[in-house]
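The residues making up each chain are set out below.
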Amino acid sequence: MAKGFKKFSLSLLQFFLMVTSAHAQTDYNNMANWAFHPDKSGTLIDGFNIDIAVVDENLATTSVYQFTNNSMTNTGVDVFFVHPTILQNLATYTEIETVPIADQNTLMVALSIRGQVGLLSKYGRMFAPRYRQATPPTFVGSDLDSTQVNVLEISYTDIKDAFLNYLNNHNNGNKIILVSHSQGAYLAGFLLRDVFDSNPQLQQKLVTAVIAGIAGNYAEPNLFAGGWWQNIPFCTQEDECGCVMNWRSYKEGQTPPAPQASHPCLNPLVVDNGWAYSQLDLVQNWLMQDSLYYNNQAQPLRNFITLRSNVDFGGNVGYVAFDSLYTIRHQRSGTGQVGFVVQHTPQPNEQRPDLLLDEESNPLFSSLGYHAKDYNIYSWALLEQIDMKLSLCGGSISVSDYSDPAGTLSMFPNPASDRVYLRNNDEVLSNEDIAILDVAGKIIVSGNLDSAGGISIQELESGFYLVVTKFGVSRLFIE
């Protein structure tokens, strides 16, 4: 009896230790648990060149977009990124479980993040936590029960703890760009509901939430809210702040699939845990997909972007862009089937590689499409829209601080690259005071217009700016 009791007690102790270990808190004061953090120097994003070379069909560089890497600089805007599943030998993970941070490849995680969202470091400090990733079976083939939710809880607890560590110790009133992909999108979606959705003050900090790469962004029929989140809507304008952006990408000719039966937001326990406002209902809800920048008419894809290290041309830059190598359009095949469809459209003498082709050999391509290339496809559109959002809500000075009720202020050319001229009621603004602000609200240029109402912008980087005069404010895009 005693021997049997001892054996039973040992088994119980082992079970207790296993459960306790699985739910142990990850210490986010320890920089080892961050892939990128402004207090962690020497990372793959610290000092990385984030310029983009646009390369034509002859592999000649036609232009270079120059951006400042602000990943370690407090601009008043922070980027918080929740990375996707980044695990070696994915097929070997057959159980619904989490993978300890110590068992993940540190370099592989950092490289993947740099490839996906390194360009976002132009906006400000980059915070990218490592976390106990859930294995693929958690999302594909899992029963909608407590096993799935218990595993997701471990991953989500890490993300929530990391975000609260950032918010309480580092935010200091800054605006927040919340970005994510795939598994990270589920976890960021939970965070958006759990932490942001009932906190108006925190919502005011939110420039946008990018919940990308999943067939699980849903709302009430013909509305843009009331599904996963109650108070945070999907974006209905490119310059709208505090809203959700999302996309998935497939090949032209594919029909975007409906959510899989194991989709976490079909699990009622997700709502019970406070991670979703309402359970996904494929009859009562419709799935959402960005269609503001690209609509349902096929058009050239602006600047498909890849790391310079992936190609042997482009020069001394961090990224290379292929402009108009593909076409793209928004496709809705049903309330639960929506995404972008992309087609390769090479020039007659095309030498640029089709970097989407490898994805088509993936055994899961019929359901995943170009999932792994979501950010390559949409990064330029994402950057342009975030620029517009920040021009309205990003800094201490914004359009809301000024007024031009009659709409009399005009500026030309716009976009511009050399000089810009301003008029009010068609009258030249000779020698008037002017300030040009970047997307973070920082004054970049302060001075006077010349006698022709013009000012040089040659020294400014590409992107969106606010042009402020006593007559009002206009938005300027510099090519």
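Please refer to the structure placed before this passage.
Residues numbered from 1 in each chain as written. Predicted model: local features only at pLDDT ≥ 70, side-chain atom pairs only at ≥ 80, totals over all residues. Heavy atoms only, no water.

1. Topic: the environment of Asn-296
To keep things clear, this is the line we draw: Strands here are runs of E lasting at least two residues and helices are runs of H or I lasting at least four, both read from the DSSP assignment and numbered beginning at the N terminus. For this analysis, residues touch if any pair of their heavy atoms sits within 4.5 Å.
Tracing the backbone shows Asn-296 in the loop between strand 13 (286–287) and strand 14 (299–300). In sequence terms Asn-296 and Ile-154 are 142 residues apart; their C-alpha atoms lie 39 Å from each other. In this structure, Asn-296 is in contact with Arg-329 and His-330, ignoring residues within four places of it in sequence.

2. Quick word on unusual backbone geometry
Working note: non-glycine residues mostly have negative phi, and peptide bonds are mostly trans. For the record, the criterion: Relative accessibility decides the category of a residue: with a 1.4 Å probe and only protein chains considered, values under 20% of the type maximum give buried, values over 50% give exposed, and everything between is partly exposed.
Omega for the peptide link from Phe-412 to Pro-413 comes to -15°, which places this bond in the cis form. Within the fold, Pro-413 resides in the loop between strand 19 (409–412) and strand 20 (419–424). The peptide bond linking Asn-414 to Pro-415 adopts the cis configuration, its omega dihedral lying at 15°. When you line up the elements, Pro-415 lands in the loop between strand 19 and strand 20. If you check the backbone angles, Leu-59 has positive phi at about 70° while not being a glycine. In this structure, Leu-59 sits in the loop between strand 2 (52–55) and strand 3 (61–65). Residue classification places Leu-59 among the partly exposed positions, given a relative accessible area of 26%.

3. Considering the nonpolar core
As a rule of thumb, soluble globular proteins bury nonpolar side chains together. The condition that has to hold: The nonpolar core is taken to be a set of buried Ala, Val, Leu, Ile, Met, Phe, Trp, Tyr and Cys residues, with the residues joined through side-chain atoms within 4.5 Å.
Counting 65 residues, the largest nonpolar core has Ile-52, Leu-120, Tyr-123, Ile-177, Val-179, Tyr-375 and Leu-382 as its most contacted members. Per-element tally for this core: the top contributor is helix 8 (residues 374–393), with ten residues.

4. A short note on the sheet that holds strand 22 (residues 433–437)
To be explicit about the condition: Only strands that DSSP links by at least two bridges are regarded as paired with each other. Axes here refer to lines fitted to C-alpha atoms; in helices the fit is confined to the stretch in contact. Angles between the N-to-C directions go from 0 to 180 degrees.
Pairing is antiparallel across the open sheet formed by four strands, whose spatial order is 23-22-25-26. In this open sheet, the two edge strands, each paired with only one partner strand, are strand 23 (443–448) and strand 26 (472–478). If you compare each strand with its neighbour and ignore which way they point, the axes differ by 20° on average. Across seven bridges, strand 25 (residues 463–469) lies against strand 26 in antiparallel orientation. Following the sheet pairing, Val-467 is matched in strand 26 by Ser-474. Strand contacts of helix 8: strand 25 and strand 26, with the helix running at about 20° to strand 25, the strand carrying the most contacts.

5. Concerning the sheet that holds strand 18 (residues 337–344)
Spatially, the four strands line up as an open sheet ordered 12-18-17-14, and their pairing is mixed. The sheet is open, and its two edges are formed by strand 12 (249–251) and strand 14, each paired on a single side. Alignment of strand 14 against strand 17 (residues 326–334), held across two bridges, turns out to be antiparallel. In the strand pairing of strand 17, Gln-299 is matched with Ile-328.

6. Observations concerning the state of the cysteines
In protein chemistry, a disulfide is the covalent bond that joins the sulfur atoms of two cysteines. Note the cut-off: Pairs of cysteine sulfur atoms within 2.5 Å are what we label disulfides.
Within this structure, the stated rule accounts for two disulfides. The disulfide that involves Cys-235 links it to Cys-243, with 2.0 Å between the sulfurs. Between Cys-235 and Cys-243 the sulfur-sulfur dihedral comes to about 90°; the bridge is accordingly right-handed. The exposure class assigned to Cys-235 is buried, which follows from its relative accessible area of 10%. In this model Cys-241 forms its disulfide with Cys-393; the gap between the sulfur atoms is 2.2 Å. Its S-S torsion of approximately -95° makes the covalent link between Cys-241 and Cys-393 left-handed.

7. Digging into the packing of aromatic side chains
The condition that has to hold: Working definition: a ring pair exists when centres of Phe, Tyr or Trp rings (six-membered ring for Trp) sit within 6.5 Å. Plane angles under 30 degrees give stacked, over 60 give edge-to-face, the rest tilted. A ring is scored as having a charge over it whenever the NZ atom of a lysine or the CZ atom of an arginine sits within 6 Å of its centre and within 35 degrees of its normal.
According to the stated counting rule, one finds 31 aromatic pairs in the structure shown. Taken together, Tyr-28, Trp-34, Phe-80, Phe-127, Phe-163, Tyr-166 and Phe-196 form an aromatic cluster joined through their ring pairs. Note that Arg-114 overlies the ring of Phe-48, its terminal NZ or CZ placed 4.0 Å from the centroid.

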